[in-house]
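Summary of structural features
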Amino acid sequence: MALVEIKNVHKRFGDLEVLKGVSLNVEAGEVVVLLGASGSGKTTLLRCINHLETIHDGEIKVAGELVGYTRDKDGKLREEKDAVTSAKRARIGMVFQRFNLFAHLTALENVTEAPVQVLRVPPAEARKRALDLLASVGLKDKADHYPHELSGGQQQRVAIARALAMEPRLMLFDEPTSALDPELVGEVLETMRRLAASGMTMIVVTHEMSFAREVADRVIMMADGLVIEEGPPAQLFSAPSHPRTKAFLARIL
Amino acid sequence: MVFDSSAFFETLFSSTFIIPALMTLGITFVAMALAIILGFGGALAALSRHRALRWLAQGYLGFFRGVPVLVQIVFWYNALPVLTNNAINLPALIAGTIALGLNEGAYMTEIIRSGLISVDPGQREAARALGMTKAKAMRRIVMPQALKVIIPPTGNQFIAMLKTTSLLFAIAVPEIFSTGTNIYSQNFKYFEVLFVVSIWYLALTALLTALQKMIERRFAARPRRNAAILAQEHG
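Note that this is a predicted model, so its numbers are computed, not measured.

All right, on to the layout of surface pockets then. Its boundaries defined by the atoms lining it, the largest pocket holds a volume of some 1100 Å³. As for the largest pocket, its lining consists of 27 residues, of which Leu47, Arg49, Arg124, Arg128 and Lys134 of chain B are closest to the centre. Of all the elements in the fold, those that place two or more residues in the lining of the largest pocket are α2 (82–89) of chain A together with α5 (92–117), α6 (121–129) and α7 (134–164) of chain B. Each residue belonging to the lining of the largest pocket can be placed in one class, and the counts come to 10 nonpolar, 5 polar and 12 charged.

Here it is, written out as structure tokens:
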């Protein structure tokens, strides 16, 4: 059984259908990069996986469980209770384009907040683990700094540590380096590279082709709300079969 | 103009105003507490995804902000007993405090709503992605940041409320101003008595201002924890 099973997912914003029946499986331990022009639906798909967005049709399962929905006896999907969805989300890490570190908390408190508040980890234990995580992203000396005192790259590394503190079985990355100055991109990609090497299951929306080429097990090409092509990066980058993939790669490489 | 300084000092140092001053403070705090509770409810309703709740908040805001507070005060004290055939007949102090609180709640709704929308939606989203429920994300992440925006104007409203309590003289609540009116209607020393009344309001306002400064300082800047202590604790 795949860790993430996406079946025929449809999503609309008003009259605009941004996902038109996406199906995709991600195995445990796999690193998958989603590619596509802006508006192709890749970020929306990512946000549907942990139910930050509702879906209109199809289903998404993580570790065999629907996220955000329960299935009625008559087979219809119904949105489940907030507390139930929240508990499932706790095991799915997410890293945002704009970091979204909690502005009123220090780096350390950003990392301990959810384990203490959601998982009920004793504060002393959460602190110890948070300091280890901050050390692992190279920021132990910034533990008592507030987000506005950190560079974008440092903030994003704290955000990764914050997500990892929940011991997720899956990590979602939504253009994690797009808001960074070019010289800060490397440190974040390096952190992600090490995370991938540790065996974490990752779904990454990014425009960093070198990352996709070197780290991804599989690259998914999306266009107009559909998956149009997928394959190992070596194959997809050197011999794309779909004309839109060719056009996209020609523009971006 | 003749300033009767003996009447002035006698009034100033008489104990007559102590109880009314405490009453004025008490009404202010209770009415503001009511207003803040209503304000939170109103703000959450105004930002709700349910249209009925948004309409309810809009109606509350429109009505209580649109009708003069003096009219509302007299309504709660004089009109409500008539309207309900004396089933609801509130003492002046309670009727007046409710009227002030309900009216102020409309303003607090707007203040709290503006605080909540000042927080970047990404903060809430990150909290939700970490598994916090809506309520927890509000309490732990959104509200602490919104408070920085909510507290300064709330201090303002407190001080405005302190002075608005003087309207309760219309329903004979023995607060500072109506106590003054009782005195000058007997000795006709309007100026001296109103001077004393003003001094009492100024003193209480100064007290609240000091309190406001203290609270703002606590919420504005959290002291950076000492890095050395942190390093020591964790080797």
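All names here are of chain A. For the pair helix α5 (residues 152–164) and helix α6 (residues 182–197), interaxial distance at closest approach is 8 Å and the crossing angle is 20°. Taken together, α5 and α6 sit at an angle that is classed as roughly parallel. For the pair α5 and α6, the crossing hand works out as right-handed. Each of Gly152, Gly153, Gln154, Gln156, Arg157, Ile160 and Leu164 in α5 lies in contact with α6, whose residues at this interface are Leu184, Glu187, Val188, Thr191, Met192 and Leu195. In terms of residue class, the contact of α5 with α6 is made up of 6 nonpolar, 5 polar and 2 charged.

Glancing now at empty space enclosed by the protein. Residues and elements named next belong to chain A. For the structure shown, the criterion picks out 3 cavities of 30 Å³ or more. Put simply, the largest cavity is a space of about 40 Å³. Cys48, His51, Glu53, Ile55, Glu59, Ile60, Leu66, Val67, Tyr69 and Leu77 are the residues that line the largest cavity. Per-class residue counts for the lining of the largest cavity are 7 nonpolar, 1 polar and 2 charged.

Residues and elements named next belong to chain A. Taken in spatial order, the 6 strands make up an open sheet running β8-β9-β10-β3-β11-β12, and their pairing is mixed. Two strands close off the open sheet at either side, each with one partner strand: β8 (92–95) and β12 (226–231). Here the average twist between neighbouring strands, direction ignored, is 20°. Strand direction decides the pairing type here: strand β9 (residues 170–174) and strand β10 (residues 202–205), joined by 4 bridges, are parallel. Bridge pairing in β10 links Asp174 to Val205.

For the rest of this paragraph, the subject is the interface of chain B and chain A. Interface size is commonly expressed as the accessible area that is lost once the parts come together. Between chain B and chain A, the residue contacts involve 28 residues of the former and 36 residues of the latter. When the two sides are added together, the surface that chain B and chain A hide from each other amounts to roughly 2700 Å², 50% of it contributed by carbon and sulfur. The salt bridge involving Asp82 of chain A is made with Arg128 of chain B; its shortest N-O contact spans 2.8 Å. Where chain B meets chain A, there are 11 residue pairs in polar contact (both at pLDDT 80 or more). Contributions of two or more residues to the side of chain B that touches chain A are made by α6, α7 and α10 (227–233) of chain B. For the side of chain B that touches chain A, the element with the most residues is α6 of chain B, which contributes 7 residues. Of the residues assigned to the side of chain B that touches chain A, the class counts are 10 nonpolar, 8 polar and 10 charged.

Our next topic: the confidence of the model for chain B. Atomic detail in the predicted coordinates should be set aside for any region of low pLDDT. All names here are of chain B. Taken residue by residue, chain B gives an average pLDDT of 91. The fraction at 70 or more is 93%. For residues 223–235, every residue scores under 50 in pLDDT, and the model assigns this stretch 20 contacts once sequence neighbours within four places are set aside. Scoring the predicted complex yields pTM 0.87 and, for the interface, ipTM 0.93.

Let us look at the sheet that holds strand β5 (residues 65–66) of chain A. Residues and elements named next belong to chain A. Here 4 strands make up an open sheet; going across it, the order is β2-β1-β4-β5 and the pairing antiparallel. Only two strands of the sheet have a single partner each, and these edge strands are β2 (16–26) and β5. Inspection of the sheet shows strand β1 (residues 4–13) paired to β2 by 8 bridges, in the antiparallel sense. From the neighbouring strand, Val4 faces β2, where its bridge partner is Val26.

On to a nonpolar patch on the surface, then. Residue and element names in this part refer to chain B. Together, Phe29, Leu211, Met214, Ile215 and Phe219 make up a nonpolar patch on the protein surface, roughly 430 Å² of accessible area in all. With 4 residues, the top contributor of residues to the nonpolar patch is helix α9 (residues 190–220). Inspection of the secondary structure puts Met214 in helix α9. Met214 gets classed as exposed once you look at its relative accessible area, which sits at 52%.

Cut-offs applied
- Along each chain, numbering runs from 1 in the same order as the chain's sequence is written.
- All chains are assigned letters beginning with A, and all ligands numbers beginning with 1, in the order in which they are written.
- Owing to the predicted nature of the model, reporting of local features is limited to residues with pLDDT of at least 70; listing and counting of side-chain atom pairs is limited to 80 or more, with chain, interface and lining totals taken over all residues.
- To get the side-chain values, all heavy atoms of the structure are used, and hydrogens and water are removed first.
- Here the term cavity refers to a set of points on a 1 Å grid, laid over the protein atoms alone, in which a 1.4 Å probe fits but cannot get out; the term pocket refers to an open set having protein on both sides within 12 Å along at least five of seven lines, with lining residues being those that place an atom within 4 Å of a point.
- Grid points are joined across faces, edges and corners, and a volume is the space filled by probe spheres set on the points.
- To qualify as a helix, a DSSP run of H or I must reach at least 4 residues; to qualify as a strand, a run of E must reach at least 2; elements of each kind are numbered from the N terminus.
- For this scheme, ten residues count as nonpolar: Ala, Val, Leu, Ile, Met, Phe, Trp, Tyr, Cys and Pro. Four count as charged, namely Asp, Glu, Lys and Arg, and the remainder, Gly too, count as polar.
- Helix axes are fitted to C-alpha atoms over the stretch in contact, other axes to C-alpha atoms as well, and angles between N-to-C directions run from 0 to 180 degrees.
- For this classification, under 35 degrees means roughly parallel, over 145 means roughly antiparallel, 65 to 115 means roughly perpendicular, and everything else is oblique.
- Two helices cross in a left-handed way if the nearer one is turned anticlockwise from the farther one by less than a right angle. They cross in a right-handed way if the turn is clockwise.
- Every residue pair with non-hydrogen atoms within 4.5 Å of one another is taken to be in contact.
- We call two strands paired when DSSP finds no fewer than two bridges between them.
- Buried area is a sum: the accessible area each of two parts loses on coming together, probed at 1.4 Å, counted once for each and added.
- What counts as a salt bridge is simple: a side-chain nitrogen of Lys or Arg found within 4 Å of a carboxyl oxygen of Asp or Glu.
- Counted as a polar contact is a pair of N or O atoms within 3.5 Å, where, for protein atoms, one must be capable of donating a hydrogen and the other of accepting one, and residues adjacent in sequence contribute only when both atoms are in side chains.
- A residue's pLDDT is the predictor's confidence in that residue, given on a scale from 0 to 100.
- Note that patches include only residues with greater than 30% relative accessible area and no salt bridge, and the join distances are 9 Å for like charges and 5 Å for nonpolar side chains (Val, Leu, Ile, Met, Phe, Trp, Tyr).
- Computed with a 1.4 Å probe, the accessible areas rest on the Shrake-Rupley method; for each residue, only the protein chains presented here act as cover.
- For every residue, the accessible area obtained with a 1.4 Å probe (protein chains only) is divided by the maximum for its type, and the residue is called buried under 20%, exposed over 50%, and partly exposed between those limits.

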